[in-house]
There are 4 protein chains.
Amino acid sequence: RGGKRRQREELYQLSKASRLCVPAMNVNDSVTKQKFDNLYCCKESILDGLKRTTDVMFGGKQVVVCGYGEVGKGCCAALKALGAVVYVTEVDPICALQACMDGFRVTKLSETIRHIDMVVTCTGNKNVVGREHLDKMKNGCIVCNMGHSNTEIDLASLRTTELKWEHVRPQVDHIIWPDGKRIVLLAEGRLLNLSCSTVPSFVLSITATTQALALIELFNAPEGRYKQDVYLLPKKMDEYVASLHLATFDAHLTELTDDQAKYLGISKHGPFKPNYYRCRQTSPHTQNAHKHTDVSNRKYFF
Amino acid sequence: RGGKRRQREELYQLSKASRLCVPAMNVNDSVTKQKFDNLYCCKESILDGLKRTTDVMFGGKQVVVCGYGEVGKGCCAALKALGAVVYVTEVDPICALQACMDGFRVTKLSETIRHIDMVVTCTGNKNVVGREHLDKMKNGCIVCNMGHSNTEIDLASLRTTELKWEHVRPQVDHIIWPDGKRIVLLAEGRLLNLSCSTVPSFVLSITATTQALALIELFNAPEGRYKQDVYLLPKKMDEYVASLHLATFDAHLTELTDDQAKYLGISKHGPFKPNYYRCRQTSPHTQNAHKHTDVSNRKYFF
Amino acid sequence: RGGKRRQREELYQLSKASRLCVPAMNVNDSVTKQKFDNLYCCKESILDGLKRTTDVMFGGKQVVVCGYGEVGKGCCAALKALGAVVYVTEVDPICALQACMDGFRVTKLSETIRHIDMVVTCTGNKNVVGREHLDKMKNGCIVCNMGHSNTEIDLASLRTTELKWEHVRPQVDHIIWPDGKRIVLLAEGRLLNLSCSTVPSFVLSITATTQALALIELFNAPEGRYKQDVYLLPKKMDEYVASLHLATFDAHLTELTDDQAKYLGISKHGPFKPNYYRCRQTSPHTQNAHKHTDVSNRKYFF
Amino acid sequence: RGGKRRQREELYQLSKASRLCVPAMNVNDSVTKQKFDNLYCCKESILDGLKRTTDVMFGGKQVVVCGYGEVGKGCCAALKALGAVVYVTEVDPICALQACMDGFRVTKLSETIRHIDMVVTCTGNKNVVGREHLDKMKNGCIVCNMGHSNTEIDLASLRTTELKWEHVRPQVDHIIWPDGKRIVLLAEGRLLNLSCSTVPSFVLSITATTQALALIELFNAPEGRYKQDVYLLPKKMDEYVASLHLATFDAHLTELTDDQAKYLGISKHGPFKPNYYRCRQTSPHTQNAHKHTDVSNRKYFF
């Protein structure tokens, strides 16, 4: 996610500086791709990544998930379902309120750090877990990142002479304090789901289909439809990608009657949402939300 | 919800026709209010409304939920959690794919209608449950609406001479077929959560706070900040409403450090999302989404 | 449950004192009845009872459930599913360990009492919630009992001059402290599910079927099969009651092949469990477990 | 589990034949060990075993779990929580009724076999998945066993000339039909959780503690306390094992008051359950239940 965001960042900056020499399609913000890259993928891979690296038992474990965006929601749901006691940290009161309603205690990391068994970061922010927290953790605490490249855990603060690093297994380091306390760091703070888990082929299929459709559209588009700018995948194509993947689940869509379509003021065949409708960019991926999903200055074709 | 939507509809039409004589604030689309009006409220009231009217047992019951928007998601989550076997119907492939990933079979109503115990509509559409479905339901099937005013179940088709209506209890009618089959209709197809359940005071507090803040803003605003147009509640106020309600849950927000705020490119005190960021308008409330959440022509103040 | 237990108690005492003039069948300990009387019924009625009496919102509420037997397990599962943060108190380390593995923090009531929103008792014990706890509860805390007749909450300690009782609604009393603090007491400490909720007809059907089968058996039994003693419902009849109720769920049983039956050393048509196999009597219903489920001195017919 | 059961089997047979030369302690039937060997372990390892071998995505997958005993309950709970649509097969109507109430459709394997994505066996029976089922499965269906040694899937029927076996990866074989259809067989039908997952150290600790306590008791027991027979671990020791493991979860037990202990008719320090109280032997592990948990002829010391 971190990487994708940066690329998109540059794309929009080039565009703003009118230094884009060709039309570009931002496929990353399509709903289908977003949901699978974040909520669903993370819900599946958080458990997998932790098991493969540490064989930890989830039942009864106390876990802090930092950030309750789509990624955090996925991690919390999976961990809670397997019997973990999950706490959430948030900076955005709206996301915090959602965490409360979903049954998670919202606390500051410093309040829970002493008695927890695992910390999972998914904020998109930097230094969310700092040395002051790592010093307070109990022996054997597992620390991993599901969020933003490798900035969320302050690794620099751990690369000091008084702490001993022991590489116990691929993707697993023990960081040993002078008093013998060991913290279990996974993937050196890089994305757990990319480093220690796997991405289901179904998700790759969604990504590939989205990208292929975008290229086909750019290739087939009549002269002048696209200028040297960044475009969003048309809603209709987003829905098309989703519909192509429903067969896997033997899912049967309901068709609108003419009467119903008229009542809803849309076409029977979609799009069922307006073009600008996008997956929620959830806190605190705010930089990204701020700079990129400013719909008002985005272009669509019809 | 139906009512609110229509009012908003008219508001925007007046605005487009420049026949609005005063500035107006659309408080209904603030995230906090949306989430509580839809996802969370419905998750709580679907069980309550069904129990109070029918004393039905949820365990093992086969239920079809029509529509997997925020309302449908709330109903499905609650029913599944209490042991019901839930099927979903959808017209939008994106929402359908979400239902699949959340563990619900997506079918057409006609495919499951013969063996189900309850039908819950939450589509925002009309005549989702028609006479052709009602004729196929088994004896004792419960039919109710959580979605759009009273249009989702085709009541007209039930007001015919060959069907006998028996009012068994407030909000509960038995519709009796010539062969003696009885369908249990709740609240004559009006909103179950408004007719047969209650709205928690916490939700009323969120609504009232949002409205009060909007009025205060309009009253205190400097000359010329607002023209005769429709405005959205500023994101910062939305976040403020949420933060005021966190105390109920003894939730403690994390504060961004100066360094983190700078990294995210936002203020330490929010807004943590851009103004145009709104709660997902989920399918098939498309009419509404189409006509109203067109962010590009909305105005904000800063 | 409390009442049933006492009756059974007396029955076994009469039997031990050989003062039973007729054969008796203890239908209450059949698995099917037990599961529905405890786990499943309570899972459904805890939410219903609380909503009907207080219209409370479950999302984000902090709840303490006292006792993690079948009743407690049902209450915890339902409350957690609706978004409550649930804590468990237990005296039995085995039940406590189960609560931990199921994702609940196990604490003493005194540790959590100050910040909780609801207390639900299901221990089968007496004075589990005492005046010392009630004094520490915060304003508006809801107190109810799902466990044992009306002994679990120390009501006597509340019937004192300095506390004011206000009957706000059927089954709901406010107990007002001198400083104005109000505790919401439901059903004056009697069973919430019997006083403030309803029992699904499906459950009554299971009970009635079990009792009817027992009577038929006693009536048809050949001379001398039953002495003046207490007998348990034969396993096969218990299974028969269950099988009669599977149709409601359109459930299809698998039949053992001759080969499989031989391999398992049982009849193709059951019983699939030995007679002495009974539903878990879970802590701390220990008195009852102690005195009644002592299988070794029970009689069966074959 | 299969292995343990057979050993215990022999032990009781030796005892019955009075050919046991020393006292023996059956540690396997202690509640704590049973729950962790079955319900909790399987709940954690079913997902892990499937992910490590196949990287399968759980969301939306249709799975049949054969057998709804403790093992089946654990598998179903985990799979449902991760978004799978789970069907259950059962021979015992009581377990089937529980599956229904827990929200699972109870079907015959032959009814669902054509459209499912995975089959998990946990019956303790033999040939639950036969060639007639394997022939009907769709391409890519995953077949694995969580139940009884390696008897549940009829492997013999797959070792025929017309089917090609392809070993794609450790513990993963593709069985290829003449038409090219591939079935994914895990661990050649042996226990998935032992072959393809790991056992948490916490569980090993429970097992080791139980065994150690049993040996200490046998060693320290006064002359004559134990004859040449099979004994069950005293309830009090079972509770002691559990209490030793509560610290891991920072769980705090509640202590009975003298008054409460008197009311319950037990000691403040346990045992809180009678000796004969044992973990539910759930269907269809009936052979075992039948032959071994016949409490009436078991001996305890006090």
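Quantities reported herein were computed from a predicted structural model and do not represent experimental measurements.

1. Focus on the pairing of strand E9 (residues 182–186) of chain A
- Among the five residues of E9 of chain A, four are classified as buried, and the element is accordingly described as predominantly covered.
- Taking the residues that link successive antiparallel strands as the turn, the strand E8 (residues 172–176) of chain A-E9 of chain A hairpin has five residues, and the phi of Gly 180 of chain A there is positive, at about 95°.

2. Let's talk about the domain arrangement of chain A
- Domains assigned within chain A are domain 1 (3–27 + 201–292) and domain 2 (56–195).
- Once you take the C-alpha centre of each, domain 1 of chain A and domain 2 of chain A turn out to be 33 Å apart.

3. A closer look at the packing of aromatic side chains
- With the rule as written, the count across this model stands at 20 aromatic pairs over all chains.
- Aromatic side chains Phe 36 of chain D and Tyr 40 of chain D sit 5.3 Å apart centroid to centroid with 50° between the ring planes, which places their arrangement in the tilted category. Taken together, the residues Phe 36 of chain D and Tyr 40 of chain D, both in helix H2 (residues 31–54) and four residues apart, mark about one turn of the helix.
- Through a chain of ring-to-ring contacts, three or more aromatic side chains come together here, namely Phe 36, Tyr 40, Phe 202 and Phe 249 of chain A.
- The side chain of Arg 159 of chain D reaches across the aromatic face of Trp 165 of chain D, ending 4.3 Å from its centre.
- If you follow Lys 181 of chain D out to its NZ or CZ, it ends over the ring of Trp 177 of chain D, 4.3 Å from the centre.

4. Here we look at unusual backbone geometry
- The omega torsion of the bond from Gly 270 of chain A to Pro 271 of chain A falls at 0°, within 30 degrees of zero and hence cis.
- Summarising the element assignment, Pro 271 of chain A is placed in the loop between helix H10 (258–264) and helix H11 (286–292).
- Phi is positive for Asn 127 of chain A, which is not a glycine, with a value near 50°.
- Using a relative accessible area of 31% as the deciding quantity, one classes Asn 127 of chain A as partly exposed.
- The phi dihedral of Asp 55 of chain B falls on the positive side, at around 55°, and the residue is not glycine.
- Here Asp 55 of chain B shows up in the loop between helix H2 (31–54) and strand E2 (62–66).
- Taking relative accessible area as the criterion, Asp 55 of chain B reaches 27% and is therefore assigned partly exposed.

5. Points about the sheet that holds strand E6 (residues 142–145) of chain C
Residues and elements named next belong to chain C.
- Pairing is mixed in the open sheet, where eight strands are placed in the order E4-E3-E2-E5-E6-E9-E8-E7. The open sheet has two edge strands with one neighbour each: strand E4 (105–106) and strand E7 (164–169).
- With two bridges connecting them, E6 and strand E9 (residues 182–186) associate as parallel partners. Pairing of Val 143 across the sheet is with Leu 185, part of E9.
- Sheet strands touched by helix H2 (residues 31–54): strand E5 (118–121), E6, E7, strand E8 (172–176) and E9. Its angle to E9, the strand with the most contacts, is close to 125°.

6. Some points on a nonpolar patch on the surface
- Among the surface-exposed residues, Leu 194, Val 199 and Leu 204 of chain A lie close enough to one another that they form a single nonpolar patch of about 270 Å² accessible area.
- Position of Leu 204 of chain A among the secondary structure elements: in helix H8 (residues 201–220).

7. Topic: the confidence of the model for chain A
All names here are of chain A.
- Scored by pLDDT, chain A has a mean of 87; 88% of the residues are at 70 or more.
- Every residue in residues 276–302 is under pLDDT 50, and counting partners more than four places away or in other chains gives 101 contacts.
- Predicted as a complex, the structure gets a pTM of 0.90 and an ipTM equal to 0.88.

8. A short note on the nonpolar core
- One finds Ile 46, Leu 50 and Leu 79 of chain B together with Ile 46, Leu 50 and Leu 79 of chain C to be the most contacted residues of the largest nonpolar core, which totals 124 residues.
- Residues within four places of Ile 46 of chain B in sequence aside, it is in contact with Cys 75, Ala 78, Leu 79, Val 120, Met 146 and Leu 192 of chain B.

9. Some thoughts on the packing of H2 of chain B against helix H8 (residues 201–220) of chain B
All names here are of chain B.
- Axis separation between H2 and H8 bottoms out at 9 Å; the angle between their running directions is 155°. Classified by the interaxial angle, the pair formed by H2 and H8 is roughly antiparallel. Remark: the crossing between H2 and H8 carries left-handed chirality. For the pair H2 and H8, contact is made by Thr 32, Lys 33, Phe 36, Asp 37 and Cys 41 and by Phe 202, Val 203, Ile 206 and Thr 207, respectively.
- Along the lines of polarity and charge, the residues of the contact of H2 with H8 split into five nonpolar, two polar and two charged.

10. Topic: the pairing of E5 of chain C
Residues and elements named next belong to chain C.
- Every second residue of E5 is oriented toward a common face, with Met 118 and Val 120 on one face and Val 119 and Thr 121 on the other, all of them buried.
- Sheet analysis places strand E2 (residues 62–66) next to E5, joined by four bridges and oriented parallel. Each bridged residue has a counterpart across the sheet, and for Cys 66 the counterpart in E5 is Thr 121.
- For the crossover from E5 across helix H6 (residues 131–136) to E6, the handedness is right-handed.

11. Overview of the environment of Thr 89 of chain B
- Secondary-structure assignment places Thr 89 of chain B in strand E3 (residues 85–89).
- Not counting residues up to four positions away in its chain, the partners in contact with Thr 89 of chain B are Thr 254 of chain A together with Val 64, Val 65, Cys 66, Gly 67, Tyr 68, Thr 107, Lys 108 and Leu 109 of chain B.

Each value, and the rule that gives it
Every chain's residues receive numbers from 1 upward, in the order its sequence appears when written. All chains are assigned letters beginning at A, and all ligands numbers beginning at 1, according to the order in which they are written. Given that this is a predicted model, residues contribute local features only at a pLDDT of at least 70 and side-chain atom pairs are listed and counted only at 80 or more, while totals for whole chains, interfaces and linings are drawn from all residues. Hydrogens and waters are ignored; side-chain quantities use all the structure's heavy atoms. Note on exposure labels: buried denotes an accessible area under 20% of the residue type's maximum, exposed denotes more than 50%, and partly exposed covers the range between, all computed with a 1.4 Å probe on protein chains only. Here a strand is any run of E in DSSP of at least two residues, a helix any run of H or I of at least four, and the numbering for each starts at the N terminus. DSSP-based pairing: two strands are paired if at least 2 bridges between them are found. These domain limits were set by an automatic method or by a database of domain assignments. Stacked, edge-to-face and tilted are the three classes for Phe, Tyr and Trp ring pairs, Trp counted by its six-membered ring, which pair at centre distances within 6.5 Å; planes under 30 degrees apart are stacked, over 60 edge-to-face, the rest tilted. Both a distance and an angle decide whether a charge sits over a ring: NZ of Lys or CZ of Arg must be within 6 Å of the ring centre and within 35 degrees of the ring normal. Contacts are assigned to residue pairs with any non-hydrogen atoms lying within 4.5 Å of each other. Simply put, an axis is a line fit to the C-alpha atoms, just over the touching stretch for a helix, and the angle between two N-to-C directions goes from 0 to 180 degrees. For patch detection, residues must exceed 30% relative accessible area and be free of salt bridges, and they are connected within 9 Å for like charges or within 5 Å for nonpolar side chains (Val, Leu, Ile, Met, Phe, Trp, Tyr). Only the protein chains shown count as covering a residue, and every accessible area follows the Shrake-Rupley method with a 1.4 Å probe. Any Lys or Arg side-chain nitrogen found within 4 Å of a carboxyl oxygen on Asp or Glu counts as a salt bridge. Each residue gets a pLDDT score, which is the predictor's confidence in that residue and runs from 0 to 100. The set of buried Ala, Val, Leu, Ile, Met, Phe, Trp, Tyr and Cys residues whose side-chain atoms join them within 4.5 Å is what this entry labels a nonpolar core. In these notes the angle categories are as follows: under 35 degrees is roughly parallel, over 145 is roughly antiparallel, 65 to 115 is roughly perpendicular, and the rest is oblique. Two helices cross in a left-handed way if the nearer one is turned anticlockwise from the farther one by less than a right angle. They cross in a right-handed way if the turn is clockwise. Each residue receives one of three labels: charged for Asp, Glu, Lys and Arg, nonpolar for Ala, Val, Leu, Ile, Met, Phe, Trp, Tyr, Cys and Pro, and polar for the others, Gly being one of them. With strands facing away from the observer, any crossover in which the path from the first strand over the helix to the second runs clockwise is taken as right-handed.

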